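Residues per chain, in single letters:
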Amino acid sequence: DEIGLIPCPEARYNRSPIVLVENKLGVESWCVKFLLPYVHNKLLLYRQRKQWLNKDELIDITCTLLLLNPDFTTAWNVRKELILSGTLNPLKDLHLGKLALTKFPKSPETWIHRRWVLQQLIQENSLPSLVTKGNLGAAPVERIHRLVQEEMNICSEAAGRYPSNYNAWSHRIWVLQHLGKLTVKVLLDELSSTKYWVSMHVSDHSGFHYRQFLLKSLIGRTVTDNNVLVQNQMVNEQNPSLQKEEESAGAEAACAEEQSVDLPRRLEEELELCTELIDTYPGHETLWCHSDETLNNSHHSPATSHMAQAMDVDGLNESSSKQGYTQETKRLKRAPMQDSLGPEMEYRFIDKVLSTCRDVDQARFATAYRKWLLTFLGQ
């Protein structure tokens, strides 16, 4: 499950340079300068039709070459041909890529090939591409869920091995889009699972950019589902006879899922996370940039502005029917976004930072943040 080089400038003992201990594969460094050119030349001679290699030899040579140099595109292309011909199991290439990423976590060719393999699995119906249909049964959905979780774990490990590993985070986004289908549950699970990671890597721009993708996707999903719900209600009011039991059940399930997402609260929690991390780890520009983008999303999102307006309307309706339940009480109870995520709170936070911090960079970032509030929010 892991590969690495053992520092050894020369062969001191008459033994194999390959060491395997508890599923950890080690290669003595002295042999790489002999082994890599050998397998490289063998593969090039095969591609130039100057030397014949059978399928087993091709699999072994490309495997050895990619573990030593995973960015050699020709080797991945040969394995693509073997997969398409039915000679090589695509799941074995997923495992090979996982192993190569333990040594070369940013290898772009490895990530590209991994996405290609996943696409083949979907197209060949090894994993059904239409997850949303109800007649697929539980087994395919569970298989896709396990595959998504496996990819998430691999991306997390690779991101931890190489700072700002945008290749790993970009692959993670691709998996969510093509396998996770950007469902609300998957987006919320990812927000929860990556919270600890970004708290431990406060200078990693790629990790926080991924959380911005999750928040924007959640906002877009909520807006889309709300629009669909309104359209369905209008159709049902005009043509009650067209409403079927199955469609009603599906709409109610989707509505229940979406209503469980308190989007303003999610954005507020993200700002609270930024505030806590800025206080704990002063002088990290990444945290201030993430706070900028989160606040910008909260003030320019159609979903959150619509929710805020709906909360005020609810408060007025309640106050007209119940004397003791005023609009102010309703507003405080529901905590609309224009109050909880307002710029006033951010200004107070900036003033606190500037009055207490001793870090020069922290003061510079706080000043820039204040200027951003004035410029982009117009407040």
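Residues numbered from 1 in each chain as written. Predicted model: local features only at pLDDT ≥ 70, side-chain atom pairs only at ≥ 80, totals over all residues. Heavy atoms only, no water.

## Thoughts on the packing of aromatic side chains
- In this structure the tally under the stated criterion is 7 aromatic pairs.
- Relative to W197, the ring of W169 has its centre 5.0 Å away and its plane inclined at 75°; by these criteria the two rings are edge-to-face. One end of the pair, W169, is in helix 7 (residues 166-178); the other, W197, is in helix 8 (residues 184-200), and 28 residues separate them in sequence.
- Residue classification places W169 among the buried residues on the basis of a relative accessible area of 4%.
- Among the aromatic side chains, those forming a connected cluster through ring pairs are W169, W197, Y210 and F213.
- Between K80 and the ring centre of W116, over which it is positioned, the NZ or CZ distance is 5.5 Å. (Phe/Tyr/Trp six-rings, centres within 6.5 Å; stacked < 30°, edge-to-face > 60°. Helix = DSSP H or I, 4+ residues; strand = E, 2+ residues; numbered from the N terminus. Buried < 20%, exposed > 50% of the residue type's maximum accessible area, 1.4 Å probe, protein only. Lys NZ or Arg CZ within 6 Å of the ring centre and 35° of its normal.)

## A few points about the packing of helix 4 (residues 90-103) against helix 5 (residues 108-123)
- Helix 5 packs onto helix 4 with a crossing angle of 160° between their chain directions and a minimal axis gap of 10 Å. Of the possible angle classes, the one that applies to helix 4 and helix 5 is roughly antiparallel. Between helix 4 and helix 5 lies a crossing whose hand is left-handed. Contacts between helix 4 and helix 5 involve P90, L91, D93, L94, G97, K98 and L101 from the former and T110, W111, H113, R114, V117, L118 and L121 from the latter. (Axes fitted to C-alpha atoms, helices over the stretch in contact; angles between N-to-C directions. Parallel < 35°, antiparallel > 145°, perpendicular 65-115°, else oblique. Left-handed = near helix turned anticlockwise from the far one by under 90°. Contact = heavy atoms within 4.5 Å.)

## Some thoughts on the pattern of salt bridges
- Summed over the entire model, instances satisfying the criterion amount to 13 salt bridges.
- When the shortest N-O distance is used, the salt bridge between E293 and K216 registers 3.1 Å. You can see E293 sitting in helix 12 (residues 285-300) and its partner K216 sitting in helix 9 (residues 205-238), a full 77 residues away along the chain.
- A single salt-bridge network, built from bridges that share partners, covers R265, E268, E269 and E272. (Salt bridge = Lys/Arg side-chain N within 4 Å of Asp/Glu carboxyl O.)

## Side note on the confidence of the model for the protein chain
- Mean pLDDT over the protein chain: 78, with 73% of residues reaching 70 or higher.
- Mean pLDDT across the elements of the protein chain ranges from a minimum in helix 14 (residues 327-334), with 37, to a maximum in helix 7, with 95.
- Taken together, the stretch residues 128-138 has pLDDT below 50 and engages in 10 contacts with residues farther than four places along the chain or on a different chain.
- In the predicted structure, residues 306-340 sits below a pLDDT of 50 and forms 32 contacts with residues beyond four places in sequence or in another chain. (pLDDT = per-residue confidence, 0-100.)

## Description of the sheet that holds strand 3 (residues 24-28)
- As summarised here, the arrangement of the 3 strands in space is 1-3-2, forming an open sheet in which the pairing is mixed. Edge positions in the sheet fall to strand 1 (2-6) and strand 2 (18-21), since each has one partner strand and no second. The sheet shows a mean angle of 25° between the axes of neighbouring strands, direction not considered.
- Bridge count between strand 2 and strand 3: 4 bridges; the pairing is antiparallel. Following the sheet pairing, I18 is matched in strand 3 by V27. (Pairing = 2+ DSSP bridges.)

## Notes on the side chain of D93
- Looking at the element boundaries, D93 is found in helix 4.
- Taking relative accessible area as the criterion, D93 reaches 2% and is therefore assigned buried.
- Within the structure, D93 has its side chain in polar contact with the side chain of R79 (distance 2.6 Å).
- Of note is the side chain of D93, whose polar atom sits 2.5 Å from the side chain of H113.
- Look past the residues within four positions of D93 in its chain and what remains in contact with it is W76, R79, I83, L88, H113 and V117. (Polar contact = N/O pair within 3.5 Å; in protein donor to acceptor, adjacent residues only side chain to side chain.)

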